[in-house]
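Residues per chain, in single letters:
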Protein chains: 2
Amino acid sequence: MGETIMDHRAERMKSLIIQTFFECLKTEDFSQLTVGQIAEHARINRSTFYRYFSDKYTLRDEIVDDIVQDFAEHMEVDFLHMNIEDEVHTRSLQDGLIRLSSQKCRLEILWNQNLLGRNVFDEMMNAGARKVEAEILNHPTISAERKQLADWYAKLLVNNFLVTVRWWFSHSDTVSASQITTMMKRHMLYGTIPTLKESR
Amino acid sequence: MGETIMDHRAERMKSLIIQTFFECLKTEDFSQLTVGQIAEHARINRSTFYRYFSDKYTLRDEIVDDIVQDFAEHMEVDFLHMNIEDEVHTRSLQDGLIRLSSQKCRLEILWNQNLLGRNVFDEMMNAGARKVEAEILNHPTISAERKQLADWYAKLLVNNFLVTVRWWFSHSDTVSASQITTMMKRHMLYGTIPTLKESR
């Protein structure tokens, strides 16, 4: 019982530190940010910070690792196995987009930090692509010739998805999750250039 | 006459400094790199360095600005205007790839530097996309509905191109310029997912 209370308290304190880290990065470069600043903004002692993270780099790495792992775990691969026009696929695509949009604020902060020392966009892309690549390699009907290029296909597919998400984030006041899902589906079915040139 | 000799000398010295900058970045992070190290590697005095660049940031910015501008200038937009199956288009696509591959070593160094303070891959993408976006907006037959999404289309198209180039660079000992051109054309014509699923 005592342990559970401590666990909750520790969880809340870690959440506060992480939340404050993102608050600080809205105005400060990671390279300039200090543990003192984070502690001051969170109204905690520096010693409290150090009980949870050994320095700002450990804090950054824990946050980035979680985000990258979470993205790969939830990366949708149904499009390889079912008809893209299927309702079930549409729902799973849209659910994935809504899931990501709940992290919008944090993702944009991380993606736009040039001196974070980790390229979060690239890491998400590569982690997602490793999952898609494995799925392509194990796919029952994709040809051996295409499987030789599985890593290229995986990178293209995950990149298209992430570039679209990033574009959507900067237009999310005018473009709904359902609209962006429809737009993505059209491209998945017919390709980007044919869709652009012929108004399907 | 005297001036011309001085100009050539200045050009050669700048080239040497730039070349040395890239040499140093093969083993050193930009954030750790000093003007002293660059000067030592180039076997010049620090004062000679400062005659051409006021610090390492100015050197970086001049290099990155040149690369980004050069990429956008040569970004191929013929695919919007001609049949992609046309021989002329194939040649212009392949010429663009060969052009980029001549910068392979420098591009890979810049793309892989996490603490450069400039995201060269993203900047190339955005500069190329601005050109493609303008081309879409001025296009005679693309529909008004698609033109509203011109910035999204432009980002997707340039990203696909750059992700493919980056993938090719890491496989250029086994994949020729002509092979990668054929692969790209197939995707441009039919879309990535249809090409992956149906062996065209």
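Residues numbered from 1 in each chain as written. Chains lettered and ligands numbered in written order. Predicted model: local features only at pLDDT ≥ 70, side-chain atom pairs only at ≥ 80, totals over all residues. Heavy atoms only, no water.

So, on to the interface of chain B and chain A. Counting residues at the interface gives 45 residues for chain B, matched by 45 residues for chain A. Between chain B and chain A, a total of about 4200 Å² is buried, with carbon and sulfur atoms accounting for 61% of that surface. Among the residues of chain B in contact with chain A, B:R146, B:W152 and B:L196 are the three that bury the most area, contributing 18% of the side total. Here chain B and chain A share two salt bridges between them. Measuring nitrogen to oxygen at the nearest pair gives 3.2 Å for the salt bridge that ties B:R166 to A:D122. In this structure, the connection of chain B to chain A is made through 18 residue pairs in polar contact (both at pLDDT 80 or more). (Contact = heavy atoms within 4.5 Å. Buried area = accessible area lost by both parts, 1.4 Å probe. Salt bridge = Lys/Arg side-chain N within 4 Å of Asp/Glu carboxyl O. Polar contact = N/O pair within 3.5 Å; in protein donor to acceptor, adjacent residues only side chain to side chain.)

Turning our eyes to something else, we now look at the pattern of salt bridges. Residue and element names in this part refer to chain A. All chains considered together, the criterion is met by 20 salt bridges over all chains. In this structure, E62 engages K14 in a salt bridge whose closest nitrogen and oxygen atoms are separated by 2.8 Å. Here the residue E62 occupies a position in helix α4 (residues 56-74), and K14 occupies one in helix α1 (residues 2-25), the gap between them amounting to 48 residues. We note a salt bridge from K26 to E23, for which the minimum N-O separation is 3.4 Å. For E23, a relative accessible area of 36% corresponds to the partly exposed category. Taken together, the shared-partner salt bridges connect R60, D61, D65, R118 and E123 into one network. (Helix = DSSP H or I, 4+ residues; strand = E, 2+ residues; numbered from the N terminus. Buried < 20%, exposed > 50% of the residue type's maximum accessible area, 1.4 Å probe, protein only.)

With numbering matched to this structure, UniProt assigns "domain: HTH tetR-type" (unreviewed entry) to residues 22-63 of chain A. Between the end C-alpha atoms of residues 22-63 of chain A there is a gap of 10 Å, over a span that is 64% helix and 0% strand. (UniProt positions renumbered as here; feature names shortened; annotations may be inferred.)

What follows concerns the environment of A:N159. With respect to the helices and strands, the residue A:N159 is situated in helix α9 (residues 150-169). Residue A:N159 is classed as buried on the basis of its relative accessible area of 3%. In contact with A:N159, not counting residues within four places along its chain, are A:M125, B:N159 and B:V163.

The subject of this paragraph is the relation of the copies chain B and chain A. With an RMSD of 0.0 Å, the operation that places chain B on chain A is a rotation of 180 degrees combined with a shift of 0.0 Å along the axis. Considering both components of the superposition, the chain copies are consistent with a two-fold axis. Residue B:G191 of chain B places its C-alpha closer to the rotation axis than any other residue of that unit, at 1.7 Å. (Least-squares fit on C-alpha atoms with pLDDT ≥ 70 in both.)

Time to look at α4(A). Residues and elements named next belong to chain A. Look at α4: 27 Å from first C-alpha to last across 19 residues, which is about the 27 Å you get at 1.5 Å a residue. Of the residues making up α4, those classed as buried are K56, L59, R60, I63, V64, I67, V68, D70, F71 and A72. Two to three positions downstream of the cap, the backbone nitrogen of Y57 sits 3.1 Å from a side-chain oxygen, assigning the N-cap of α4 to D55. (Expected span 1.5 Å × (residues − 1).)

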